[in-house]
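# Structural characterization, general
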Amino acid sequence: MKTWRLAPKHKKSFHETEVWNKDKLELIHDVVWHSGSFTLISDSKPEIDLLNKEGLDPDNHQYKYEFEFEESRDGDGEYTYPEGLSSSEEAALELLIEEDELEKSGWVYGGNEYYLIGELELTQI
């Protein structure tokens, strides 16, 4: 078995979306990473469309490989607040985010998804 690294060829083409929930509210955190990669195991070179014109979601089983998150670096993120919050509720939520206290205030991490955009590089490691 060989280990392969899959990464976007261009900077800022590795995207992540995190979801946080509290009661019936949903908080979305979209992050664009400067770089990032996944690994996968295969006896032979994996057959992956490296032009990747449609984008690649490692979790949608488009390919028959098990992608493992390897790393991401230097991200810039933006939050999408739940609809219907007052400006004071948004300010309070922003403070929780800045102080890294979402979980302490009852927000539950609902997971994340990755998306690779544009050309990809596949290297054996």
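Keep in mind the model is a prediction, meaning the values are calculated, not measured.

About the thresholds
- Residues numbered from 1 in each chain as written.
- Predicted model: local features only at pLDDT ≥ 70, side-chain atom pairs only at ≥ 80, totals over all residues.
- Heavy atoms only, no water.
- Helix = DSSP H or I, 4+ residues; strand = E, 2+ residues; numbered from the N terminus.
- Expected span 1.5 Å × (residues − 1).
- Patch = residues over 30% accessible without salt bridge, like charges linked within 9 Å, V, L, I, M, F, W, Y side chains within 5 Å.
- Areas by Shrake-Rupley, 256 points an atom, 1.4 Å probe, with all protein chains shown as cover.
- Salt bridge = Lys/Arg side-chain N within 4 Å of Asp/Glu carboxyl O.
- Lys, Arg positive; Asp, Glu negative; His and termini not counted.
- Charge placed at Lys NZ, Arg CZ, Asp CG, Glu CD.
- Buried < 20%, exposed > 50% of the residue type's maximum accessible area, 1.4 Å probe, protein only.
- 1 Å grid on protein atoms, 1.4 Å probe; cavity = no way out; pocket = protein on both sides within 12 Å on 5 of 7 lines; lining within 4 Å.
- Points joined across faces, edges and corners; volume = space filled by probe spheres on them.
- Nonpolar A, V, L, I, M, F, W, Y, C, P; charged D, E, K, R; others polar.
- Phe/Tyr/Trp six-rings, centres within 6.5 Å; stacked < 30°, edge-to-face > 60°.

### Examining helix 1 (residues 87-98)
Helix length check: helix 1 (twelve residues) gives 16 Å between terminal C-alpha atoms against 16 Å at 1.5 Å per residue, within 8%. Within two residues after helix 1, Asp 100 carries a phi angle of roughly 55°, on the positive side.

### A word on a negative patch on the surface
On the surface, a cluster of negative charge is made up of Glu 89, Glu 90, Glu 94, Glu 98 and Glu 99. Note that Glu 90 resides in helix 1. Since its relative accessible area comes to 31%, Glu 90 is described here as partly exposed.

### Comments concerning the pattern of salt bridges
Summed over all chains, the structure comprises three salt bridges. The shortest N-O distance in the salt bridge between Glu 70 and Arg 5 comes to 2.6 Å. You can see Glu 70 sitting in strand 4 (residues 68-80) and its partner Arg 5 sitting in strand 1 (residues 2-8), a full 65 residues away along the chain. Relative accessible area serves as the criterion here: at 30%, Glu 70 is assigned to the partly exposed category. Among the ionic pairs, Glu 119 bridges to Lys 9, the shortest N-O distance being 3.7 Å. With Glu 119 in the loop between strand 5 (108-116) and strand 6 (120-124) and Lys 9 in the loop between strand 1 and strand 2 (14-22), the pair connects residues that are 110 residues apart, well separated along the chain. Of the residues examined, Glu 119 reaches a relative accessible area of 31% and is grouped as partly exposed.

### Notes on the layout of surface pockets
One number sums up the size of the largest pocket: a volume of about 180 Å³. Ala 7, Pro 8, Gly 36, Ser 37 and Glu 121 are the residues nearest the centre of the largest pocket, which is lined by 13 residues in total. Elements supplying a minimum of two residues to the lining of the largest pocket: strand 1, strand 3 (25-42), strand 4 and strand 6. Per-element accounting of the lining of the largest pocket gives the leading share, four residues, to strand 3. Counted by class, the lining of the largest pocket contains two nonpolar, six polar and five charged residues.

### Thoughts on the packing of aromatic side chains
As enumerated under the stated definition, the model contains eight aromatic pairs in all. Ring geometry for Phe 38 against Phe 67: centres 6.4 Å apart, planes inclined by 85°, an arrangement best described as edge-to-face. Of this pair, Phe 38 sits in strand 3 while Phe 67 sits in the loop between strand 3 and strand 4; the two residues are 29 residues apart in sequence, bridging distant segments of the chain. Here the two residues Phe 38 and Phe 67 agree in accessibility, since each one is buried. Ring geometry for Phe 38 versus Tyr 114: centroids 5.3 Å apart, planes at 80°, classification edge-to-face. Pair noted here: Phe 38 is in strand 3 and Tyr 114 is in strand 5, with a separation of 76 residues, a long-range link. The exposure class of Phe 38 is buried, given its relative accessible area of 4%. Tyr 114 gets classed as buried once you look at its relative accessible area, which sits at 13%. Following the ring pairs from residue to residue traces out a cluster consisting of Phe 14, Phe 38, Phe 67, Phe 69 and Tyr 114.

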